[in-house]
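Chain and residue survey
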Amino acid sequence: MSNDLDLLSHLLAAAKTAGADQSDAMYIKGMSLSLDRRGGKVEHIERAEGREIGLRVFVGQRSAIVSASATDPAGFARIAEQAVSMAKLVPEDEYSFIPTASPAPDAGFLDLDDPEEPAVDELIRRATLAEDAALAVAGVTNSEGASAGWGRSEVALLTSLGFAAAYASSGHSISASAIAGAGVDMQRDYYYSGASHASDLEDAASIGRRAGEQAVARLNPSCPKTGRMSVVYHPRVATSILGHFASAINGNAIARQTSFLKDKMGMRIFAPGIRIIDDPLRVRGSRSRPCDGEGQAVSTLSLIEDGILQSWVLDCRSARQLGLKTTGHAARGTSGPPSPSTSNLYLAAGSLSPDELMADIGEGLFITELIGMGINGLTGDYSRGASGFMIRNGAIAEPVAEFTIAGNLNDMFAHLTPANDLLLRRGTESPTIRIEGLMVAGA
């Protein structure tokens, strides 16, 4: 990938010649292979390759970004001239700048790159195993298909202050979606596995089987009655609660004063014992990285410790606005400026099993799917459509659908309890969680 950095050095040289005081550039090369299988037939196979460069220039405190898919150095002078001309026309931004950065570590220790591209036949085999297993589940009447995919990207970043970094990452995926029942009584569900290395994928047949079993379990749902209940979130939807938390502590939201947590630094917002961690250095993590999008060093960061808010998620611009230091959370592409973003975010596991977590619930809800995004970032008000299962006398009972759960995230965070079933596989992960006192709007 040294050639990628050489390419960027020519682009920065063109920017300097065009009149930029400072500049940085990013190069992204990606390739992917994917296919869909439905009803025993391969319906779609796609292979894509692409590359893109992005140039950000500063003229004083004015900046602009130009991106292009053409990476021929012969066109760099024109790109640089366009960027500088644009920068001279925009208002000054006292908070935006290119930071100094220490040399980036080699990304090899993160083991993000599976070097072998799978053959089309191998992807067909994975999708076939998944779909056939879903269709073999008693009660499954049809398939919405199974998919298998692979992708690899190379990223390079170079700044006029001398920082340089380049690394590659890969990803494999398998998914299946099954339909149970017939007519107006049909239900669907899915299951998915993704990993940077093929060897870490879940078994394709078990993915299909899980999709089929989950679809069958949802047949003939009723609607729960209206009232306040204890609500238990399956891990695949519990991650949405972490997403709302991450949005609320994003440095941009804090700097704009548009977050319901803007005044909560150093305060207890979760129950004692709760920990939320962001770990960009997880080996084979789906969002791991050796440095952030501004070349800043990254490290494991405790956002919540013993229920207390410890840190915002900051890039250099939002940190300067708040009079703080960056937390190394800048993310960026080729066509936009850096902005704060989490990496491998997770809620630490608790001590109770999921069964123990719901054992004392006489009547409650176990949520497996959420619909809509009724979240008010200013107030924390929360309202989402949902489906799942009733909990009766501590056990999962009949399926339910077409109801709404509502509350306020301040209260939800304070009354949240995690189970012990955390699995670290995706970029944002949570164990099963229980939240007390949510309002259910049903029958």
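See the structure printed just above.
For the structure given in this document, a descriptive report is provided here. (Residues numbered from 1 in each chain as written. Predicted model: local features only at pLDDT ≥ 70, side-chain atom pairs only at ≥ 80, totals over all residues. Heavy atoms only, no water.)

Digging into the pattern of salt bridges
Counting across every chain of the model gives 28 salt bridges. A salt bridge links R188 to E144; the nearest nitrogen and oxygen atoms lie 3.0 Å apart. Taken together, the residues R188 in strand 6 (residues 187-195) and E144 in strand 4 (residues 140-159) connect sequence positions 44 residues apart. In this structure R188 comes out as partly exposed when scored by relative accessible area, which is 31%. Judged by its relative accessible area of 40%, E144 falls in the partly exposed class. Residues E436 and R434 are paired through a salt bridge, measuring 2.4 Å at the closest nitrogen-oxygen approach. What makes E436 partly exposed here is its relative accessible area of 32%. Through salt bridges with shared partners, one network takes in D189, R218, R236 and E369. (Salt bridge = Lys/Arg side-chain N within 4 Å of Asp/Glu carboxyl O. Helix = DSSP H or I, 4+ residues; strand = E, 2+ residues; numbered from the N terminus. Buried < 20%, exposed > 50% of the residue type's maximum accessible area, 1.4 Å probe, protein only.)

Remarks on helix 2 (residues 76-87)
Here helix 2 contains 12 residues, and its C-alpha end-to-end distance of 16 Å stays within 8% of the 16 Å for a straight helix at 1.5 Å per residue. Every buried residue of helix 2 is accounted for by F76, I79, A80, A83, V84 and A87. For helix 2, the angular spread of buried residues about the axis comes to 130 degrees, placing them on one side. (Expected span 1.5 Å × (residues − 1). Arc of directions from axis to C-beta.)

Description of the pairing of strand 5 (residues 164-180)
Two strands pair when backbone bridges link them, and strand 4 and strand 5 are joined in this way by 17 bridges, in the antiparallel orientation. Bridge pairing in strand 5 places S147 opposite S175. Strand direction decides the pairing type here: strand 5 and strand 6, joined by 9 bridges, are antiparallel. Opposite S177, over in strand 6, you have Y190 as the bridge partner. (Pairing = 2+ DSSP bridges.)

Let's talk about the packing of helix 3 (residues 120-135) against helix 4 (residues 204-217)
Packed helices, taken two at a time, are described by their axes: the angle between them and the distance between them. Look at helix 3 against helix 4: their axes get within 7 Å of each other, and the N-to-C directions meet at 35 degrees. Every pair of crossing elements has a handedness; the one defined by helix 3 and helix 4 is right-handed. On the side of helix 3, the interface is formed by R126, L129, A130, A133 and A134, while helix 4 contributes A204, A205, G208, R209 and G212. Classifying every residue of the contact of helix 3 with helix 4 by side-chain character gives 6 nonpolar, 2 polar and 2 charged. (Axes fitted to C-alpha atoms, helices over the stretch in contact; angles between N-to-C directions. Left-handed = near helix turned anticlockwise from the far one by under 90°. Contact = heavy atoms within 4.5 Å. Nonpolar A, V, L, I, M, F, W, Y, C, P; charged D, E, K, R; others polar.)

Some points on the sheet that holds strand 8 (residues 276-278)
As summarised here, the arrangement of the 5 strands in space is 10-9-8-13-18, forming an open sheet in which the pairing is mixed. Strand pairing shows two members of the sheet lacking a second neighbour, strand 10 (308-309) and strand 18 (428-429), which therefore form its edges. Sheet topology note: the strand 8/strand 9 (residues 301-305) ladder contains 3 bridges and is antiparallel. Directly across from I276, in strand 9, lies its bridge partner I304.

Brief notes about a nonpolar patch on the surface
Together, V42, I45 and V120 give the surface a local cluster of nonpolar side chains, amounting to about 200 Å² of exposed area. With respect to the helices and strands, the residue V120 is situated in helix 3. (Patch = residues over 30% accessible without salt bridge, like charges linked within 9 Å, V, L, I, M, F, W, Y side chains within 5 Å. Areas by Shrake-Rupley, 256 points an atom, 1.4 Å probe, with all protein chains shown as cover.)

Quick word on the sheet that holds strand 6
Spatial strand order, 3-2-1-4-5-6: 6 strands in an open sheet with antiparallel pairing. Only two strands of the sheet have a single partner each, and these edge strands are strand 3 (62-68) and strand 6. Adjacent strand axes in the sheet meet at a mean angle of 20 degrees, parallel and antiparallel pairs treated alike. Relative to strand 2 (residues 41-59), strand 1 (residues 22-38) runs antiparallel, the two sharing 17 bridges. Bridging from a neighbouring strand, M26 pairs with G54 of strand 2. Contacts from helix 2 reach strand 2 and strand 3, with the element oriented near 145 degrees to strand 3.

Topic: the nonpolar core
Judged by nonpolar contacts, the single largest core of 45 residues is most densely connected at Y233, F245, F270, I276, L365, I367 and I405. Considering each element in turn, this core owes the most residues, 7 residues, to helix 5 (residues 235-248). With sequence-adjacent residues up to four places away left out, L365 is seen in contact with P224, M229, S230, V231, V232, F389, M390, I391, V400, F403, I405 and V440. Residues L11, L12, L55 and F76 belong to the second largest nonpolar core, which totals 25 residues. (Core = buried A, V, L, I, M, F, W, Y, C linked by side-chain atoms within 4.5 Å.)

Description of the state of the cysteines
Under the criterion given, the structure shown has 0 disulfides. Residue C291 stays outside any disulfide, its sulfur separated by 12 Å from that of C316, the closest cysteine. Residue class for C291 comes out buried when judged on its relative accessible area of 6%. (Disulfide = S-S within 2.5 Å.)

Quick notes on the environment of I179
Position of I179 relative to the elements: it lies in strand 5. For the pair formed by I179 and M412, sequence separation is 233 residues and the distance between their alpha carbons is 33 Å.

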